[in-house]
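As a plain string of letters, each chain reads:
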Amino acid sequence: MDAFYASVELLRYPQLKGKAVVIGGGRRRVDEAIRNLPEGGTLADIPVEDFPLLKDYTGRGVITTATYPARQFGVGSAMGLMKAAKLCPQAIILPVDFDEYRRYSRAFKKIILEVAPLMEDRGVDEVYIDFTDVPGGQREGGRSLARLLQKAIFDATGLTCSIGVAPNKLIAKMASEFNKPNGISIVYEDDLEKLIWPLPCRKVNGIGPKADEKLKRFGIETVGQLAARDRDWLIANFGKATGAWMHEVSWGRDDRPVVTESEPVSMSRETTFDRDLHAVRDRAELGAIFTRLCEQLAADLQRKGYVGKTIGIKLRYDDFRIATRDQTIDRFTDDAKTIRQTGGLCLKRVPLERPLRLLGVRVGTLAKAGSPEALAPAATGTHRAAAEPVATTASLF
């Protein structure tokens, strides 16, 4: 999907189309103020000048996504909002609304499944689709069906998407970025040298910043330069698995199937605070946030039909260090109170003297609700999943 979160917001606020907009941080008083509409007014009636600007933002939040006009200033996902304000101070800032994004995500995926039932869900805004046996799927190299999907999604949701069609998932992923927004890119096997080899290595899904930096130290900057290296040389310098994988992907080889059913390992909810919070001074606020996260996570489990028995917490301190703890309970659950209570026990085992930037909660060891595993009799007692020392804390939220 094209700038998915931002595009959903533009459906709500069409007056912001064509403008630099970033989505990030939590809801603020100024966001609530612009929604105090006169009777009969709509969100589309809010004057553009009433929206908060990025230059006035203060806090520790990060950008979730940005409209294409904002991206032209170097603003992008995962960038700190304060840093982005220096690059594009005139951008309008809107808070994240994950409930609305998930609603639209379910809507566009439902449309795809009606046309092409072999779909692999890759998150809120991306899927892989196997066109092989779909009627008309091979017409024009797949372009005909891609156009049909784009039109069906736009007609139902008002959102655009970009589609890459290729012999495998590796190249399809890369091709989907070629003609954004609202583009279709077809890559055949014979197009490897012309379309894929000139690309930077970072365009390969799986080559991260550290690997890319190491490749550059060897003078390897493009996929073509990577393909020119001997397989044994890559294995010698990057390890057996990674080196062999780099050789394969540089030649466009990827035999991974489209997986229609994949069981999640865990589910989680977390939030980054606009300001650092302390377990003593901000105990009530932290407690309310933690309770809300547990309730949201329980709702996620119930909506997706899962239960879990390993409950964990995640903290990021003001110095960016991260602490995690988890505990396994004796029976599977999707209950918010149980998650909150067990998460609270985990919190007793972490230092809470330093201010906090982030708080998260996770449920793992998942099973389908109602499955024999989930309904099995509870084990006797409870046990910790890891043997960490218990920390002494002055206060607990």
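Keep in mind that what you see is a predicted model, and the values were worked out from it rather than measured.

Novice: Before we move on, can you summarise helix α13 (residues 283-304) with the specific residues and values?
Specialist: An α-helical turn contains 3.6 residues, so a residue and the one three or four places further along point in the same direction. With 22 residues, α13 should reach 32 Å at 1.5 Å per residue; the first-to-last C-alpha distance of 32 Å fits that figure. Looking one or two places after α13, you find Gly 305, whose phi comes out positive at around 80°.

Novice: Got a sec to walk through the packing of helix α11 (residues 231-238) against helix α12 (residues 240-250)? Specific residues and values, please.
Specialist: At a minimum axis separation of 7 Å, α11 and α12 run at an interaxial angle of 140°. Considering how the two elements wind past one another, α11 and α12 form a crossing that is right-handed. Contact with α11, carried on its side by Arg 231, Leu 234, Ile 235 and Phe 238, involves Lys 240, Thr 242, Gly 243, Ala 244, Met 246 and His 247 of α12 and no other residues of that element. The residue makeup of the contact of α11 with α12, split by class, is five nonpolar, three polar and two charged.

Novice: So what's going on with the environment of Glu 248? Which residues, and what values?
Specialist: Along the polypeptide, Glu 248 turns up in helix α12. Put simply, Glu 248 and Arg 231 are 17 residues apart on the chain and 8.7 Å apart in space, counted from C-alpha to C-alpha.

Novice: How would you sum up the pattern of salt bridges? Please name residues and give values.
Specialist: All told, the structure shown has 26 salt bridges when counted by the stated rule. Ionic pairing is found between Arg 275 and Asp 282, a salt bridge with its closest N-O pair at 3.2 Å. Accessibility expressed as a relative area gives 43% for Arg 275, which makes it partly exposed. On the basis of relative accessible area, Asp 282 is assigned to the buried category, the value being 13%. One salt-bridge network, in which partners are shared between bridges, spans Asp 318, Asp 319, Arg 321 and Arg 354.

Novice: Please give an account of the confidence of the model for the protein that cites residues and values.
Specialist: Should pLDDT be low for a region, the predicted coordinates there are not to be read in detail. Scored by pLDDT, the protein comes out at a mean of 89, with 92% of its residues at no less than 70. In this model residues 381-395 is a low-confidence stretch, pLDDT under 50, and it forms 35 contacts with partners more than four residues away in sequence or in other chains.

Novice: A description of the side chain of Gln 150 should follow, citing residues and the corresponding values.
Specialist: Within the fold, Gln 150 resides in helix α6 (residues 143-157). When sequence neighbours within four positions are dropped, the list of residues in contact with Gln 150 reads Cys 161, Ser 162, Ile 163, Asn 182, Gly 183 and Ile 184.

Novice: Any chance you could break down the side chain of Thr 67 for me, citing the residues and the numbers?
Specialist: Within the secondary structure, Thr 67 sits in the loop between β2 (63-66) and α3 (68-71). Here Lys 19 takes part through its backbone oxygen, which lies 3.0 Å from a polar atom of the side chain of Thr 67. Residues within four places of Thr 67 in sequence aside, it is in contact with Ala 6, Leu 10, Lys 19, Ala 20 and Val 21.

Novice: Hey, could you go over the nonpolar core for me, with residue numbers and the actual values?
Specialist: Counting residues in hydrophobic clusters, the biggest one holds 36 residues, and the most contacted among them are Phe 4, Leu 16 and Leu 94. Breaking this core down by element, the ones donating at least two residues are α1 (4-12), β1 (21-24), β3 (92-94), α5 (98-115), α6, β6 (163-165) and β7 (184-186). Sequence-distant contacts of Phe 4, defined by excluding residues within four places in its chain, comprise Tyr 101, Tyr 104, Ser 105, Phe 108, Val 124, Asp 125 and Leu 159. Residues Ala 279, Leu 301, Tyr 317 and Ala 336 belong to the second largest nonpolar core, which totals 31 residues.

Novice: Outline the state of the cysteines, listing residues and values.
Specialist: Here, disulfide denotes a covalent bond that connects the sulfur atoms of two cysteines. Per the counting criterion, the structure on display carries zero disulfides. Cys 294 carries a free sulfur, and the closest cysteine sulfur to it, the one in Cys 346, is 10 Å from it. Here Cys 346 falls in the buried class, since its relative accessible area comes to 0%.

Novice: How would you summarise the packing of aromatic side chains if you had to cite specific residues and measurements?
Specialist: Scanning all chains against the criterion turns up nine aromatic pairs. Taking the centre distance of 5.2 Å and the plane angle of 85° together, the rings of Tyr 13 and Phe 51 count as edge-to-face. One end of the pair, Tyr 13, is in the loop between α1 and β1; the other, Phe 51, is in the loop between α2 (29-33) and β2, and 38 residues separate them in sequence. A residue is classified by how much of its surface remains accessible, and Tyr 13, at 2% relative accessible area, is buried. With centroids separated by 6.2 Å and ring planes inclined at 65°, the aromatic side chains of Phe 218 and Phe 238 adopt a geometry described as edge-to-face. Taken together, the residues span a long stretch of sequence, with Phe 218 in the loop between α9 (209-217) and α10 (223-227) and Phe 238 in helix α11 at a distance of 20 residues. Members of the aromatic cluster, joined through ring pairs, are Phe 4, Tyr 5, Phe 98, Tyr 101 and Phe 108. Across from the ring centre of Tyr 104, 4.9 Å away, lies the NZ or CZ of Arg 103, which sits over that ring. A cation over an aromatic ring shows up here: Lys 214 above the ring of Phe 238, its NZ or CZ 4.7 Å from the ring centre.

Quick notes on the rules
Residues numbered from 1 in each chain as written. Predicted model: local features only at pLDDT ≥ 70, side-chain atom pairs only at ≥ 80, totals over all residues. Heavy atoms only, no water. Helix = DSSP H or I, 4+ residues; strand = E, 2+ residues; numbered from the N terminus. Expected span 1.5 Å × (residues − 1). Axes fitted to C-alpha atoms, helices over the stretch in contact; angles between N-to-C directions. Left-handed = near helix turned anticlockwise from the far one by under 90°. Contact = heavy atoms within 4.5 Å. Nonpolar A, V, L, I, M, F, W, Y, C, P; charged D, E, K, R; others polar. Salt bridge = Lys/Arg side-chain N within 4 Å of Asp/Glu carboxyl O. Buried < 20%, exposed > 50% of the residue type's maximum accessible area, 1.4 Å probe, protein only. pLDDT = per-residue confidence, 0-100. Polar contact = N/O pair within 3.5 Å; in protein donor to acceptor, adjacent residues only side chain to side chain. Core = buried A, V, L, I, M, F, W, Y, C linked by side-chain atoms within 4.5 Å. Disulfide = S-S within 2.5 Å. Phe/Tyr/Trp six-rings, centres within 6.5 Å; stacked < 30°, edge-to-face > 60°. Lys NZ or Arg CZ within 6 Å of the ring centre and 35° of its normal.

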